[in-house]
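Commentary on secondary and tertiary structure
The lines below spell out each chain.
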Amino acid sequence: MELSTFFPAVLLTSVAAGTVGAVLGLGGGILLVPILTMFFGVDIHYAMGASIISVIATSSGAAAAHLRTGLSNLRIGLFLVLATISGAIVGASLAGVAPVHWLEMILGLALGYSAFTTIKQINVEVPGEAPANRLAARFGLEGSYYDRLLRREVRYRATRVGLGLTAMFGAGVLSGLLGIGSGAFKVLAMDYFMRLPMKVSTATSNFMIGLTAAASAGIYFSRGDINPLVVAPVAIGVLGGAYLGTALVARLANRTVRKVFLPVLIYLALSMVLRALGIHFP
Amino acid sequence: MTARAHTAARAAVDVEQVISRVLLGGGLLSIALVVIGLALYASHTGLRDRPLEVHRMERPGRQGHPPEVFVSLAEVAAGLRSRPVEPLAVIALGLALLLMTPVLGVAVAIPSFLAAGDRRYAGIAAVVLAMLVLSMLITGGLG
């Protein structure tokens, strides 16, 4: 494909990926990798390199905006990312030893189950008063944001922090081991286990995914997976899209974000189960 | 630390705003470098009739990787020093800066939390930074 066609087409795709990623707290790789490989014929390694750049660009762009408006909770993000990064280090060192197909199957089933729980609470706009939690009180895992749709300050406090930390550690292990992003898991752990408002969960996940990705970005670089000509339009488009996404999410209801999140979850669950059975589609 | 103490501390130094500015600045600066590199590339080489080599070589690495890919900061630096400047090295510099931006954010969080009087979270940010550096060393880093 000629560069004069490749650049604008990938730029537009990346704007979309950045927007979706910023709204859902994911890196956008879920959209980019299949499109780059299937429609543009890009080598899977270059596509993965583009994906890691996309995660960091989404994270930097979205977190910059969400931290300013208070939707992203810096303390909760830093506290939880302790578990994710240590998980990622453990996962990376288990690579080649762990039974990958079994893990993919467990991951697929866990995602399928969480899709089910997401359906159950799909219409919850703001979680009710959470039961007090010792870790949450000790580490100040609480906050508030101004909801433009509800026209009021929404206060929240994390609960079941131990469970959330465990899920974050598991998400880190899996992403280190399987080389997949773990944005969806981070959102689930905060939304479902810790009962944070959905938009706070996705915005805080946006901050966290950049850190987890940065931990493994070096290896993509030194392996030669980051091709400047492939990645340049991705970086520009995704960052632009991330700004669009953050402007959009401020106007969306928590319910709406969860409804957009659900099909992504189902897709992830199916692709993981298929991977476990040896059927790969990116 | 109580919620009220958090609010009081936040009034002195707003850590969120500081990190927000670092992430925004890092993102914009790296994109600016990517755009400049692309413009240089387009003016030197042209984009028409330039097929993109989208298939990675079988054995990348120092000998095997295609000329447009940079695998270390040393290679990027060499490209920047060459005259005329290698446009793709400018893009690679922007991308490397983008990869470092989240790490920079955490590094800046440490003194900001300290200035805000939140020693616990200064400590947590320091541990996160140490783990990021550790995992970069384990996985080979930016070489």
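The structure contained in this document is the topic of the report that follows. (Residues numbered from 1 in each chain as written. Chains lettered and ligands numbered in written order. Predicted model: local features only at pLDDT ≥ 70, side-chain atom pairs only at ≥ 80, totals over all residues.)

1. Details of the overall build of chain A
For clarity, the cut-off: In this description a helix means any DSSP run of H or I spanning at least four residues, a strand means any run of E spanning at least two, and both kinds are numbered starting from the N terminus. It is over C-alpha atoms that the radius of gyration is taken, and the globule rule equals 2.2 Å times the number of residues to the power 0.38. Any residue with 12 or fewer other C-beta atoms within 10 Å of its own C-beta is exposed, any with 20 or more is buried, and the rest are partly exposed; the C-beta atoms used are placed from the backbone. Throughout, a pair of residues is in contact if the C-beta atoms placed from their backbones lie within 7 Å.
On a plain count of helices and strands, chain A comes out with 11 helices and two strands. Reading chain A from its N terminus to its C terminus gives the helix and strand order α-α-α-α-α-α-β-β-α-α-α-α-α. Whereas a compact globule of 282 residues would reach a radius of gyration of roughly 19 Å, chain A reaches 18 Å, a difference of no more than 12%. For the C-alpha atoms alone, the extent of chain A along its principal axes is close to 55 × 40 × 30 Å. Classification of the 282 residues of chain A by burial places 62% in the buried group. Long-range pairs, those at least 24 residues apart, make up 81% of the contacts in chain A with a sequence separation of at least 6.

2. Overview of the overall build of chain B
Secondary structure assignment for chain B yields five helices and zero strands. Helices (α) and strands (β) of chain B occur, in sequence order from the N terminus, as α-α-α-α-α. The 143 residues of chain B split such that 38% are buried. Taking all contacts inside chain B whose residues are at least 6 apart in sequence as the whole, residues at least 24 apart take part in 65%.

3. Let's talk about the nonpolar core
How we decide: For this entry, the nonpolar core is defined as buried Ala, Val, Leu, Ile, Met, Phe, Trp, Tyr and Cys residues connected by C-beta atoms within 7 Å.
Ranked by internal contacts, the top residues of the largest apolar core, which has 136 residues, are A:I53, A:I56, A:A235, B:L95, B:V128 and B:L132. Setting aside anything within four residues of it in sequence, one finds A:A235 in contact with A:I53, A:A57, B:I31, B:V34, B:L95 and B:L98.

4. Details of the interface of chain A and chain B
For an interface, size is often stated in terms of accessible area lost upon the parts coming together. To keep it simple, the criterion reads: In the scheme used here, Gly and all other residues not listed as nonpolar or charged are polar, with Ala, Val, Leu, Ile, Met, Phe, Trp, Tyr, Cys and Pro taken as nonpolar and Asp, Glu, Lys and Arg as charged.
Between chain A and chain B, the contact holds 58 residues from the first and 58 residues from the second. Those elements giving two or more residues to the side of chain A that touches chain B turn out to be α1 (3-24), α3 (44-69), α4 (74-94), α9 (198-222) and α10 (228-249) of chain A. At 12 residues, the largest contribution of residues to the side of chain A that touches chain B is made by α3(A). Taken together, the residues that form the side of chain A that touches chain B break down as 37 nonpolar, 15 polar and six charged.

5. Here's the deal with the environment of A:A247
Residues and elements named next belong to chain A. Note on placement: A247 falls in helix α10. The class of A247 is exposed, set by 12 C-beta atoms lying within 10 Å. Placed 129 residues apart in sequence, A247 and T118 show a C-alpha to C-alpha distance of 24 Å.

6. Quick word on helix α11 (residues 254-276) of chain A
All names here are of chain A. For clarity, the threshold we go by: Working rule for helices: expected span equals 1.5 Å times residues minus one.
Over its 23 residues, α11 runs 32 Å from end to end, which matches the ideal 33 Å to within 8%, given 1.5 Å per residue. In this structure, the buried residues of α11 make contact with α1, α5 (100-120), α8 (183-193), α9 and α10. Positive phi shows up at G278, right after α11, with a value of about 90 degrees.

7. A look at α3(A)
Residue and element names in this part refer to chain A. Counted at 1.5 Å a residue, the expected span for α3 with its 26 residues is 38 Å, and the 37 Å between its end C-alpha atoms agrees. In terms of burial, α3 is largely enclosed, as 22 of its 26 residues are buried. Positive backbone phi, at 85 degrees, marks G70, one or two positions downstream of α3.

8. Here's the deal with the environment of B:A74
Along the chain, the position of B:A74 falls in helix α3 (residues 73-81). Note: C-alpha distance between B:A74 and B:L95 (21 residues apart in sequence) is 14 Å.

9. Re unusual backbone geometry
Trans is the common state for peptide bonds, and a negative phi is the common state for residues other than glycine. Residue B:P84 follows B:R83 across a cis peptide bond; omega there is -5 degrees. Tracing the sequence through the fold places B:P84 in the loop between α3 and α4 (87-115). One non-glycine residue, A:R195, adopts positive backbone phi at about 55 degrees. Examined against the element boundaries, A:R195 turns out to sit in the loop between α8 and α9. Exposure remark for A:R195: the 23 C-beta atoms within 10 Å place this residue in the buried category.

10. Here's the deal with the packing of α5(A) against α11(A)
All names here are of chain A. Put simply, the rule is: Note on geometry: axes are C-alpha line fits, over the in-contact stretch for helices, and angles between N-to-C directions span 0 to 180 degrees. The labels follow the angle: roughly parallel below 35 degrees, roughly antiparallel above 145, roughly perpendicular from 65 to 115, and oblique for the rest. Crossing handedness is read from the near helix: turned anticlockwise from the far helix by less than a right angle, it gives a left-handed crossing, and turned clockwise, a right-handed one.
The interhelical angle for the contact between α5 and α11, taken along N-to-C directions, is 155 degrees, at an axis separation of 8 Å. Relative to α11, α5 is oriented roughly antiparallel. As α5 packs across α11, the resulting crossing turns out to be left-handed. Along its contact with α5, which presents H101, E104, M105, L107, G108, L111, G112, S114, A115, T118 and I119, the element α11 presents R258, F261, L262, L265, I266, L268, A269, M272, V273, R275 and A276. Classifying every residue of the contact of α5 with α11 gives 14 nonpolar, five polar and three charged.

11. Focus: the pairing of strand β1 (residues 142-147) of chain A
Residue and element names in this part refer to chain A. Stated formally: For two strands to count as paired, DSSP must find a minimum of two bridges between them.
As judged from the six bridges shared by β1 and strand β2 (residues 152-157), these two strands associate in the antiparallel manner. For E142, the partnering residue across the bridge sits in β2 and is R157. Following β1, the chain reverses through four residues before pairing antiparallel with β2; R151 in that reversal takes a positive phi of roughly 55 degrees.

12. So, the packing of helix α7 (residues 161-178) of chain A against α8(A)
All names here are of chain A. Between α7 and α8, the shortest axis-to-axis distance is 9 Å and the interhelical angle comes to 170 degrees. Relative to α8, the element α7 lies roughly antiparallel. Seen from α7, the contacting residues are L163, G164, A167, M168 and A171; seen from α8, they are F185, K186, A189, M190 and F193. Here the residues of the contact of α7 with α8 are counted per class, giving eight nonpolar, one polar and one charged.

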